[in-house]
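Each chain, letter by letter, is given below.
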Amino acid sequence: MDRKQFLSRSLKVSLGALVAGPALASAASCNTPAGNDGERDDPSAAPTGSALQLMQIPLPYAYGALEPSIDAQTMEIHYTKHHAAYVKNVNEAIVAEGVQAQDEADLLARIGTFSAKVRNNAGGTWNHNFFWQVMGPGGKGMPEGKVLDALTAGFGSFEKFKELFTEAAMKRFGSGWAWLVERNGALAIGSTPNQDCPLMDVSELKGKPLLALDVWEHAYYLKYQNKRNEYVVNWWQVVNWDEVAKRMV
Ligand code: MN
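Remember, it's a predicted structure, so these values are computed and weren't measured experimentally. (Residues numbered from 1 in each chain as written. Predicted model: local features only at pLDDT ≥ 70, side-chain atom pairs only at ≥ 80, totals over all residues. Heavy atoms only, no water.)

Caption draft 1: Structural context of the overall build of the protein. Helix and strand counts for the protein stand at 10 helices and 3 strands. Moving toward the C terminus, one meets the helices and strands of the protein in the order α-α-α-α-α-α-α-β-β-β-α-α-α. Across the 249 residues in the protein, those meeting the buried criterion constitute 46%. Accessible surface computed for the protein: about 11,600 Å², of which carbon and sulfur atoms make up 54%. (Helix = DSSP H or I, 4+ residues; strand = E, 2+ residues; numbered from the N terminus. Buried < 20%, exposed > 50% of the residue type's maximum accessible area, 1.4 Å probe, protein only. Areas by Shrake-Rupley, 256 points an atom, 1.4 Å probe, with all protein chains shown as cover.)

Caption draft 2: Structural detail: the sheet that holds strand β2 (residues 186-193). Reading across the sheet, the 3 strands line up as β2-β1-β3 and stay open at both edges, with antiparallel pairing between neighbours. Looking along the sheet, the strands with just one partner apiece sit at the ends: β2 and β3 (208-214). Averaged over all adjacent pairs, the angle separating strand axes in this sheet is 20°, with direction ignored. (Pairing = 2+ DSSP bridges. Axes fitted to C-alpha atoms, helices over the stretch in contact; angles between N-to-C directions.)

Caption draft 3: Structural detail: the nonpolar core. Formed by 64 residues in total, the largest nonpolar core has its most connected members in Leu-107, Met-135, Phe-161, Leu-211, Leu-213, Trp-235 and Trp-241. Excluding anything up to four places from it in sequence, Met-135 contacts Tyr-61, Leu-66, Ile-70, Met-75, Trp-235, Val-238, Val-239 and Asn-240. (Core = buried A, V, L, I, M, F, W, Y, C linked by side-chain atoms within 4.5 Å. Contact = heavy atoms within 4.5 Å.)

Caption draft 4: Broad picture of the packing of aromatic side chains. All chains considered together, the criterion is met by 21 aromatic pairs. Judged by centre distance (5.5 Å) and plane angle (40°), the rings of Phe-155 and Phe-161 are tilted. On the basis of relative accessible area, Phe-155 is assigned to the buried category, the value being 15%. Ring geometry for Tyr-220 against Tyr-231: centres 4.9 Å apart, planes inclined by 25°, an arrangement best described as stacked. Of this pair, Tyr-220 sits in the loop between β3 and α8 (221-224) while Tyr-231 sits in helix α9 (residues 228-235), and the two are 11 residues apart along the sequence. An aromatic cluster is built from Tyr-63, Tyr-79, Trp-126, Phe-130, Phe-131, Trp-132, Trp-177 and Trp-179, whose rings are joined through pairwise contacts. (Phe/Tyr/Trp six-rings, centres within 6.5 Å; stacked < 30°, edge-to-face > 60°.)

Caption draft 5: Quick look at the environment of Thr-125. Inspection of the secondary structure assignment puts Thr-125 in helix α5 (residues 116-133). Since its relative accessible area comes to 0%, Thr-125 is described here as buried. Through-space distance from the C-alpha of Thr-125 to that of Leu-54 is 7.5 Å; in sequence the pair is 71 residues apart. Leave out the neighbours within four places in its chain, and Thr-125 touches Leu-54, Met-55, His-83, Tyr-86, Val-87, Val-90 and Glu-104.

Caption draft 6: Representation of the packing of helix α7 (residues 158-171) against α9 in the model. Put simply, α7 and α9 touch, their axes get as near as 10 Å, and they point 145° apart. In the crossing of α7 with α9, the sense of the turn from one axis to the other is right-handed. Contact residues: Phe-165, Thr-166, Ala-169 and Met-170 in α7; Arg-228, Asn-229, Val-232 and Trp-235 in α9. (Left-handed = near helix turned anticlockwise from the far one by under 90°.)

Caption draft 7: The arrangement of the coordination of the manganese ion in detail. With distances of 2.0 to 2.1 Å, the protein atoms coordinating the manganese ion are His-78 (NE2), His-128 (NE2), Asp-214 (OD) and His-218 (NE2). Each donor residue of the manganese ion belongs to the same chain, and together they define the spacing H-x49-H-x85-D-x3-H. Of this pair, His-128 sits in helix α5 while Asp-214 sits in strand β3; the two residues are 86 residues apart in sequence, bridging distant segments of the chain. Asp-214 shares its class with His-128; the two are buried. (Donors = N, O, S within 2.8 Å, 3.2 Å for Na, K, Ca; no water.)

Below you can see the structure in the form of structure tokens.
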């Protein structure tokens, strides 16, 4: 498999479930190292195709687009500092530690075999790429159609689902994430510590993520300080249910 095929395959696998068409094209082009096409003409080029590289998707909206639920300054720092650092750090660790993985999904599925640095930063990379996409401006506060039907079937009512998800977000002690996942055809709510993700072999909560909420203080402290509950209440207004629907089989 040459480098181009490799990149194309790893991009497809790592982002296929995450990114809509234009964002994928954009993520792919901005993360493909310049000179990729010329590599074959340069026999001295290093064989870099073996190192997996994770990437940060372009934010699908402006920093201020989720106001007033999430303020522009928090969003900008979160995306350009916190998330960017996870991406940089995981890629450095992959190279420094000689991590071999076929793609991002493979890396997460075997994360327990790698260092804490790889685990934390791979999780931070994936989780935020996911989080940005399941939010958006113009949210209606609640889903409709198949998502509403599935949540009602799974939890009794949308209000009950909201209550349980909020509880998971509030009870996560310290830093972590609240999740809605699909597992063996059923929906489940839970939370993970730090940057763990339900796709990781080491995660207590396992499944295919459908919705996530970042409850690290960096996600809300500038605007909400210690009031995580207010952040969670307002966050429902920026959930992008269309993106949740896309991930539901
Ligand atoms: Mn975060």
